[in-house]
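Report on the structure
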Amino acid sequence: MTTSATSGTGPTENSMRRALKRARDGVALDVTEAAVLLQARGADLEDLAASAARVRDAGLEAAGRPHVITYSKSVFVPLTRLCRDKCHYCTFVTVPGKLRRAGHGMFLSPDEVLDIARKGAALGCKEALITLGDKPEDRWPEAREWLDAHGYDDTIAYVRAISIRILEETGLLPHLNPGVMSWTDFQRLKPVAPSMGMMLETTATRLWLEPGGPHYGSPDKEPAVRLRVLEDAGRSSVPFTSGILIGIGETYEERAESLFALRKVARAYHGVQELIIQNFRAKPDTAMRAAPDAELDELVATVAVARHLMGPSACLQAPPNLVEDAHERLIGAGIDDWGGVSPLTIDHVNPERPWPEIERLAERSRAAGFELRERLCVYPEFVRRGEPWLDPRLLPHLRALADPETGLARPDAVVEGHPWQEPDEVFQPSGRTDLHRSIDTEGRTGDRRDDFDEVYGDWEALREAAAPGMAPERIDTDVREALRTAADDPTRLTDDQALALLHADGPALDALCAVADDVRRSVVGDEVTYIVTRNINFTNVCYTGCRFCAFAQRRTDADAYTLSLDQVADRAQQAWEVGAVEVCMQGGIHPDLPGTAYFDIARAVKERVPGMHVHAFSPMEVVNGATRTGLSIREWLTAAKEAGLDTIPGTAAEILDDEVRWVLTKGKLPAATWIEVVTTAHELGIRSSSTMMYGHVDQPRHWLGHLRTLARIQQRTGGFTEFVTLPFVHTNAPVYLAGIARPGPTMRDNRAVTAMARLLLHPHIPHIQTSWVKLGAEGAAEMLRSGADDLGGTLMEETISRMAGSSYGSYKSVRDLVAVAEAAGRPARPRTTLYGEVPEERRRTAAASDGHLPELLPVLEG
């Protein structure tokens, strides 16, 4: 069935009757049934709208605002009308020459923006809707020149800067519509805006791909790209507005598919705060000026179907300025919001359609039995949810305007600027740090957090995504031939041969490990290295939502803690006194932590113990620091190095394949961003380790791709010091408790991964480290016989794997590590972070203490 939305035959009477009954009965609709209902007209449309309205009413009742329809009192700020796209229906976008002839700059200046915002604040507006074209600097040299002249690296940097000024100088809340954004863009903008948005418009790829289509020639209108933006918003816990544009040439089936795509994202991440159902209106001077407008019945039917598909809790909006006097019909079809309405500015996207006066809109709403109430740009549900959806830097601005009970706008709120600043007293000691010994059993009475079903996204959607990884497939490549190639020259292994070896078992696995061990011996000899180091996890408060992590806690959780700078330095000094040469410092992504806090941590250690090597801050923390400070990754790493950072851990890699990453993690950085961070660090002379966490929802093909990626990076930068195998610890991991992940790798998996890491990374990364924390002494010794040459560190106070359920302790003494090497029949020696010789004084100190702390320092004194 491919009926056009504007022509062709309609559905049969029987199919309409059946679909209407299923809608009335609350039965789940499929795409075909939704497409049928989109064509309801006359009495059928009245029936459909009535059942949709009942669904909406049930949702408003449950939300505590029955018979309330909302809107946001806003100003529209067209930050730039330049764009790299060429949508065939758009009058918002223009070209540099027209802007110059009209006496305008390429972007609105800060003074122009603030003038609009101040006037809006004086009229009681609370939202600054910042709309602009996609990446204009990529198409227009004039845009690039403007940004350069004003000191901005890109358009997103200007959006961030102007948002801060709006917050501080006017009190309006920015709602950002900068078009297609990357995951990193969301991290940059989240601290300055409580909500963002981007219309999906349609998932009909042909409308983008085929000449003459409304999105042809517009790179940012590719449906897959826009869906990725919606997913990244959800992963980043950004309250996000999206929607569809109807009547641009899509079929009813394509329109239904677009709604289903939006529902899928909304269910997976719980972050879509509203959906806009917008009807196409033809505009003069555009390629689609002769196209017919979407009819009112089309809009009403689409609203009603969207309500049935999205459910009672969804918020649906239809722009009130695009429907003349048909507001009651839209309310009757299931909307609960009118969107932004401005008493000051025009709708710059639809300039020929003035906003209705707010009083007039209230009258029309009352006529339909609804009270019009003002909301903020961020919806009430998210105001009440708080973290991680709202950045703490925005809380003073939101609290000044929001009713704490309802989450709606306070009628008596004074709209005035407030400082945008980092939270006070970030490094106040709190909580406990005996997590290396035990996990709370009083405050935590179950095996999972009480927000388990919400914080990590939709588990059912994840099960579907993870299914391919649950049962690794066998392959038919000749293992014997692959072993001969590996023994002769590992660099000649093809992908098929490598996959065959990653699947090896029994005698073939024994032979593989023997080959890897021979390569190890020829490269680094028989000595097993280890480092006397201390782990300092300065906070475990984190709202990123990694589904494999049991370390992350909310502020209020019984096991949550944060160290002060003095306590970090105390721990570094204590480690130095027992012979440590390194501290490894990582922490949760604490929402209060300013981007400069990492500099303070490194500086605190160096000031207390100048000779200590600071190995700190995963790529996730680097991105967090950079986005919170507004610096580029290169600038941030340069500043961190100046503050005392020596090397970075290559953690947060997990599996460098987004197919797997987005099952394992909700909001962690994409693979491409991880690669960008480590390569930038290497270019700056900051070396790093490399890691892979495996044995969860992955397959050997993912291991192969990950190792190949690391080898390519090392060939280019030479910056990796070692590769660390990290077997997945499943016991307390949410993704395992939800029944999605495997219970960690088998011993076969561990041996195969260790051996193949040795072979596939040869000769680029000479050191392969095994993890006694995750494997225990016997398991680590077996890995030393399978190609590994390094045991990692003494750690002294390990908590991350301990909280995940590892039973192998939180530290190893020097004698313990030497014993593991001896169990593998090998000698052991200490090393530095960069695999250099340890100074004699450090050796003697470590030997005297056995690399073991006399006592552990508490978080709270007394």
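From a predicted model like this one, the values you see are computed outputs, not experimental measurements. (Residues numbered from 1 in each chain as written. Predicted model: local features only at pLDDT ≥ 70, side-chain atom pairs only at ≥ 80, totals over all residues. Heavy atoms only, no water.)

Details of the overall build of the chain
Quick note on the threshold: Strands here mean DSSP runs of E at least two residues long; helices mean DSSP runs of H or I at least four residues long; both are numbered from the N terminus. With C-alpha atoms as the basis for the radius of gyration, the globule rule is written as 2.2 Å multiplied by the number of residues raised to the power 0.38. Only protein chains enter the accessibility calculation, which uses a 1.4 Å probe. A residue is then buried if its area is under 20% of the maximum for its type, exposed if over 50%, and partly exposed in between. Areas reported as accessible are Shrake-Rupley estimates using a 1.4 Å probe. Residue values count occlusion only from the protein chains shown.
From N to C terminus, the chain includes 34 helices and 20 strands. Taken over C-alpha atoms, the radius of gyration comes to 29 Å for the chain, in line with the 29 Å a tight globule of 862 residues would show. Once the C-alpha set of the chain is aligned to its principal axes, its extents read approximately 85 × 60 × 60 Å. The proportion of buried residues among the 862 residues of the chain is 63%. Accessible area of the chain: about 31500 Å², with a carbon and sulfur share of 50%.

Considerations on the nonpolar core
The condition that has to hold: Joining through side-chain atoms within 4.5 Å is the link that ties buried Ala, Val, Leu, Ile, Met, Phe, Trp, Tyr and Cys residues into a set, and such a set is a nonpolar core.
Counting residues in each nonpolar core, the largest one holds 125 residues, and the members touching the most others are Leu37, Leu48, Tyr158, Phe240, Leu330 and Trp338. Membership of the second largest hydrophobic core comes to 124 residues, among which are Ala516, Val578, Leu645 and Leu761.

Things to note about the packing of helix H28 (residues 700–717) against helix H30 (residues 747–760)
In plain terms, the rule: Orientation is described by axes fitted as lines to C-alpha atoms, over the contacting stretch for helices, and by angles from 0 to 180 degrees between their N-to-C directions. Each angle receives one of four descriptions, namely roughly parallel if under 35 degrees, roughly antiparallel if over 145, roughly perpendicular if within 65 to 115, and oblique otherwise. When the near helix sits turned anticlockwise from the far one by under a right angle, the crossing is termed left-handed; a clockwise turn instead gives a right-handed crossing. Whether two residues are in contact is decided by their heavy atoms: any pair within 4.5 Å suffices. We call Asp, Glu, Lys and Arg charged. Ala, Val, Leu, Ile, Met, Phe, Trp, Tyr, Cys and Pro are nonpolar, and the rest, Gly among them, are polar.
H30 packs onto H28 with a crossing angle of 30° between their chain directions and a minimal axis gap of 10 Å. Here H28 is positioned roughly parallel relative to H30, judged by the angle of their axes. For the element pair H28 and H30, the recorded crossing hand is right-handed. Between H28 and H30, the contacting residues are Trp703, Leu704, Leu707, Arg708 and Ala711 on the first element and Arg748, Asp749, Val753, Met756, Ala757 and Leu760 on the second. Here the residues of the contact of H28 with H30 are counted per class, giving 8 nonpolar, no polar and 3 charged.

With respect to the packing of aromatic side chains
To keep it simple, the criterion reads: Between rings of Phe, Tyr and Trp, where Trp is taken as its six-membered ring, a pair exists when centres lie within 6.5 Å; planes separated by under 30 degrees are stacked, by over 60 edge-to-face, and by other angles tilted. Counting as a charge over the ring demands two things of the Lys NZ or Arg CZ atom: a distance within 6 Å of the ring centre and an angle within 35 degrees of the ring normal.
In total, this model carries 15 aromatic pairs according to the counting rule given. Here the aromatic rings of Trp146 and Tyr158 are separated by 4.9 Å at their centres, their planes lie at 55°, and the arrangement is tilted. You can see Trp146 sitting in helix H6 (residues 141–149) and its partner Tyr158 sitting in helix H7 (residues 155–169), a full 12 residues away along the chain. Both residues of the pair, Trp146 and Tyr158, belong to the buried class. Within the aromatic cluster, the residues linked to one another by ring pairs are Phe538, Tyr598, Phe599, Phe617 and Trp636. The aromatic ring of Trp662 is capped on one face by Arg235, whose charged end is 3.7 Å from the ring centroid. The aromatic ring of Trp576 is capped on one face by Arg842, whose charged end is 3.6 Å from the ring centroid.

Examining the sheet that holds strand S12 (residues 533–537)
As a reminder, the rule being used: Note on pairing: two strands pair once DSSP finds at least 2 bridges between them.
Pairing is parallel across the open sheet formed by 3 strands, whose spatial order is S12-S14-S15. Of all the strands in the sheet, just S12 and strand S15 (613–616) have a single pairing partner and so form its edges. Put simply, the sheet's adjacent strands are angled 25° from each other on average, direction ignored. Direction of pairing for S12 relative to strand S14 (residues 582–586): parallel, over a ladder of 5 bridges.

Examining the confidence of the model for the chain
We apply this condition: What pLDDT conveys is the predictor's confidence in a given residue, as a value from 0 to 100.
Looking at the chain, pLDDT values average 91 and 91% of them are 70 or higher. Contacts for the low-pLDDT stretch residues 435–445, under 50 throughout, to residues beyond four places or in other chains number 29 contacts. Note on residues 804–808: pLDDT under 50 across the span, and 18 contacts to partners over four residues away in sequence or across chains.

Points about empty space enclosed by the protein
The criterion, for reference: We place a 1 Å grid over just the protein atoms. Points where a 1.4 Å probe fits but has no way out form a cavity, open points with protein on both sides within 12 Å along at least 5 of 7 lines form a pocket, and any residue with an atom within 4 Å of a point lines it. Grid points are joined across faces, edges and corners, and a volume is the space filled by probe spheres set on the points.
Here the structure, examined in full by the defined rule, presents 8 cavities of 30 Å³ or more. Size it by volume and the second largest cavity reaches roughly 340 Å³. Around the second largest cavity, the lining comprises 22 residues; the ones closest to its centre are Gln187, Lys190, Ser236, Ile589 and Arg628. Considering only residue class, the lining of the second largest cavity consists of 10 nonpolar, 7 polar and 5 charged.

As for the side chain of Arg160
Keep this limit in mind: The definition of a polar contact used here is a pair of N or O atoms within 3.5 Å, where within protein one atom must be able to donate a hydrogen and the other to accept one, and adjacent residues in sequence count solely through side-chain atom pairs.
With respect to the helices and strands, Arg160 occurs in helix H7. Separated by 2.7 Å, the side chain of Arg160 and the backbone oxygen of Thr627 make a polar contact. In contact with Arg160, other than residues within four places in its own chain, are Arg188, Leu189, Pro191, Val192, Trp420, Thr627, Arg628, Thr629 and Gly630.

With respect to the pairing of strand S6 (residues 272–279)
Worth spelling out the cut-off: A clockwise course of the path from the first strand over the helix to the second, judged with the strands pointing away from the viewer, identifies a crossover as right-handed.
Within S6, 8 of the 8 residues are buried, which leaves the element mostly enclosed by the surrounding structure. As judged from the 7 bridges shared by strand S5 (residues 240–246) and S6, these two strands associate in the parallel manner. Paired with Thr241 across the strands is Glu274, a residue of S6. Following the backbone out of S5, through helix H11 (residues 252–269) and into the adjacent parallel S6, one traces a crossover that is right-handed. Two strands pair when backbone bridges link them, and S6 and strand S7 (residues 316–317) are joined in this way by 2 bridges, in the parallel orientation.

A closer look at the state of the cysteines
Threshold: Cysteine sulfur atoms that come within 2.5 Å of each other are treated as a disulfide pair.
Using the criterion set out here, one finds 0 disulfides in the structure. Unpaired in terms of disulfides, Cys315 finds its nearest cysteine sulfur in Cys377, a separation of 14 Å. In this structure Cys315 comes out as buried when scored by relative accessible area, which is 10%. In this structure Cys549 is not part of a disulfide, and its nearest cysteine sulfur, from Cys546, lies 6.1 Å away.

Notes on the environment of Lys666
Counting through the fold element by element, Lys666 comes out in the loop between helix H26 (658–664) and helix H27 (671–683). Placed 65 residues apart in sequence, Lys666 and Thr731 show a C-alpha to C-alpha distance of 19 Å. For Lys666, the side chain forms a polar contact with the side chain of Ser237, separated by 3.3 Å.

Some remarks on unusual backbone geometry
For the bond running from Glu387 to Pro388, omega is 5°, close enough to zero to count as cis. Within the secondary structure layout, Pro388 lies in the loop between helix H15 (380–385) and helix H16 (395–399). The residue after His762, namely Pro763, is reached through a cis peptide bond having omega 0°. With respect to the helices, strands and loops of the structure, Pro763 is situated in the loop between H30 and strand S18 (768–769). Phi is positive for Lys135, close to 35°, though the residue is something other than glycine. Assignment of secondary structure puts Lys135 in the loop between strand S2 (127–132) and H6.

Description of helix H10 (residues 223–235)
Counted only if it meets this: Given a helix with a known number of residues, its expected span is that number minus one, times 1.5 Å.
Here H10 is 13 residues long and its end C-alpha atoms lie 18 Å apart, about the 18 Å a rise of 1.5 Å per residue gives. Within the sequence span of H10, burial applies to Pro223, Arg226, Val229, Leu230, Asp232, Ala233, Gly234 and Arg235. Looking at the packing, one finds that the buried side of H10 touches helix H8 (183–189), helix H9 (206–209), S5, H11 and H26. Positive backbone phi, at 55°, marks Ser237, one or two positions downstream of H10.

Here's the deal with the pattern of salt bridges
Convention followed: We count a salt bridge whenever a side-chain nitrogen from Lys or Arg sits within 4 Å of a carboxyl oxygen from Asp or Glu.
Inspection of every chain in the model, using the stated rule, returns 67 salt bridges. With a closest N to O distance of 2.6 Å, Glu33 and Arg18 form a salt bridge. Of this pair, Glu33 sits in helix H2 (residues 31–37) while Arg18 sits in helix H1 (residues 13–24); the two residues are 15 residues apart in sequence, bridging distant segments of the chain. On the basis of relative accessible area, Glu33 is assigned to the buried category, the value being 8%. Overall, Arg18 belongs to the partly exposed group, its relative accessible area being 48%. By sharing partners, the salt bridges in this structure join Arg281, Asp293, Glu324, Glu352 and Arg353 into a single network.

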